[in-house]
Amino acid sequence: MNKPESVITNQIEPGMDIVLTKWIGLEGTVKIMEAKEQELSQKLPRHLLETARGFSSYLSIQKEQDFAAAHKVPMVFPAAEGGIFSALWNMAEPFRVGLEIQLRMIPVRQETIEICEQFRLNPYLLCSNGAVLMADWRGYDLVDCLKKEGIACTVIGKAVKGNDRILYNEEEQRFLDRPQKDELYKILEPQEV
């Protein structure tokens, strides 16, 4: 997997909104496409695979980092190996803050979902280089500014007091697990990842 670009980190505090740019599972989708394209071409529509192949154009986070520096965003944390769940945990852990995350707000492309389904992979645990977490006191204003710059993004939750990191899915809630091994390792050899 590609090493994430440098991280701008200052502080995350309870009350800050958590914003996610682009979509989760981008690099994982690209890696699966590179390694399993022939197998996938027998099961999924060609247009879906062509779109997924193009996800490599979203892997750079330089635009987000430049934006964050210019707008003094308090916390910027690239999602990477282990997927969005690992990124959320690793972003919050050093600062001993909790999280309340709305699972349905986490953006994931349909192409990633369908490719993951072919191999029974969890897209939330799939390498997500290309996506960036940001924490800011005015997350919705941040989203408006990012969108004006052409960066897809959404508020996915909040940092809260305490150490509980909770995922909400409508009426259900569960605790975020400690980071796990990336889903790519279930289907690719380490040298392919």
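Look a little higher up for the structure.
Calculation notes
Residues numbered from 1 in each chain as written. Predicted model: local features only at pLDDT ≥ 70, side-chain atom pairs only at ≥ 80, totals over all residues. Heavy atoms only, no water. Pairing = 2+ DSSP bridges. Helix = DSSP H or I, 4+ residues; strand = E, 2+ residues; numbered from the N terminus. Axes fitted to C-alpha atoms, helices over the stretch in contact; angles between N-to-C directions. Contact = heavy atoms within 4.5 Å. Polar contact = N/O pair within 3.5 Å; in protein donor to acceptor, adjacent residues only side chain to side chain. Buried < 20%, exposed > 50% of the residue type's maximum accessible area, 1.4 Å probe, protein only. Core = buried A, V, L, I, M, F, W, Y, C linked by side-chain atoms within 4.5 Å. Parallel < 35°, antiparallel > 145°, perpendicular 65-115°, else oblique. Left-handed = near helix turned anticlockwise from the far one by under 90°. Nonpolar A, V, L, I, M, F, W, Y, C, P; charged D, E, K, R; others polar. Arc of directions from axis to C-beta.

**Some words on the sheet that holds strand S2 (residues 75-78)**
- Across the sheet, which stays open at both edges, the seven strands sit in the order S2-S4-S1-S5-S3-S6-S7 with mixed pairing between neighbours. Two strands in the sheet have a free side with no partner beyond their single neighbour: S2 and strand S7 (172-175). Each neighbouring strand pair of the sheet contributes to a mean axis angle of 25°, computed without reference to strand direction.
- Against the sheet, helix H4 (residues 83-92) engages strand S1 (17-21), S2, strand S3 (98-102), strand S4 (132-136), strand S5 (153-160), strand S6 (165-169) and S7, with an angle of about 145° to S2.

**Some remarks on the side chain of Thr29**
- If you trace the backbone, Thr29 turns up in helix H1 (residues 26-41).
- Reaching out from Thr29, the side chain makes a polar contact with the backbone oxygen of Gly25 at a distance of 2.7 Å.
- Setting aside residues up to four positions removed in sequence, Thr29 forms contacts with Ala52, Phe55, Thr112, Ile115 and Leu126.

**As for the environment of Glu27**
- Relative to the helices and strands, Glu27 resides in helix H1.
- Accessibility expressed as a relative area gives 1% for Glu27, which makes it buried.
- On a C-alpha basis, the gap between Glu27 and Lys63 in space is 17 Å, while along the polypeptide they are 36 residues apart.
- Side-chain polar atoms of Glu27 contact the side chain of Asn129, separated by 2.4 Å.

**Re the nonpolar core**
- Counting 29 residues, the largest nonpolar core has Ile12, Ile18, Ile84, Leu88, Met91, Ile106 and Leu133 as the members making the most contacts within it.
- Put simply, the parts of the chain that give this core at least two residues each are S1, S2, H4, S3, S4 and S5.
- In terms of residue count, H4 provides more of this core than any other element does, seven residues in total.
- Those residues within four positions of Ile84 in sequence are excluded, and the remaining contacts are Leu20, Ile24, Ala79, Ile106, Tyr124, Ser128 and Leu133.

**As for the pairing of S4**
- In terms of burial, S4 is largely enclosed, as five of its five residues are buried.
- Because side chains alternate across S4, one face comprises the buried residues Val132, Met134 and Asp136, and the other comprises Leu133 and Ala135, equally buried.
- Summarising the sheet, S1 and S4 pair through four bridges and their orientation is antiparallel. The residue of S4 that forms the bridge with Ile18 is Ala135.

**Remarks on the packing of H1 against helix H2 (residues 46-53)**
- For the pair H1 and H2, the least separation of the axes is 10 Å and the interaxial angle reads 155°. If you check the angle between H1 and H2, you find them roughly antiparallel. In terms of crossing hand, the pair formed by H1 and H2 is left-handed. Where H1 abuts H2, its residues Thr29, Val30, Met33, Glu37, Leu40 and Ser41 lie against Leu49, Ala52 and Arg53.
- The residue makeup of the contact of H1 with H2, split by class, is five nonpolar, two polar and two charged.

**Notes on helix H6 (residues 139-148)**
- Among all positions of H6, only Gly139, Leu142, Val143 and Leu146 are buried. Along the axis of H6, the buried residues cluster in a sector spanning 100°; they form a single face. For H6, the exposed residues lying more than 90 degrees away from the buried face are Tyr140 and Lys148.
- The secondary structure elements touched by the buried residues of H6 are S1, helix H3 (62-71), S4 and S5.
- At the C-terminal side of H6, Gly150 shows a positive phi close to 85°.

**What to know about H2**
- Those residues of H2 that sit buried are Leu48, Leu49 and Ala52. Projected onto a plane normal to the axis of H2, the buried residues spread over an arc of 95° and lie on a single side. Those residues of H2 that are exposed and aimed more than 90 degrees away from the buried face are Arg46 and His47.
- Buried positions along H2 lie against H1 and helix H5 (110-119).

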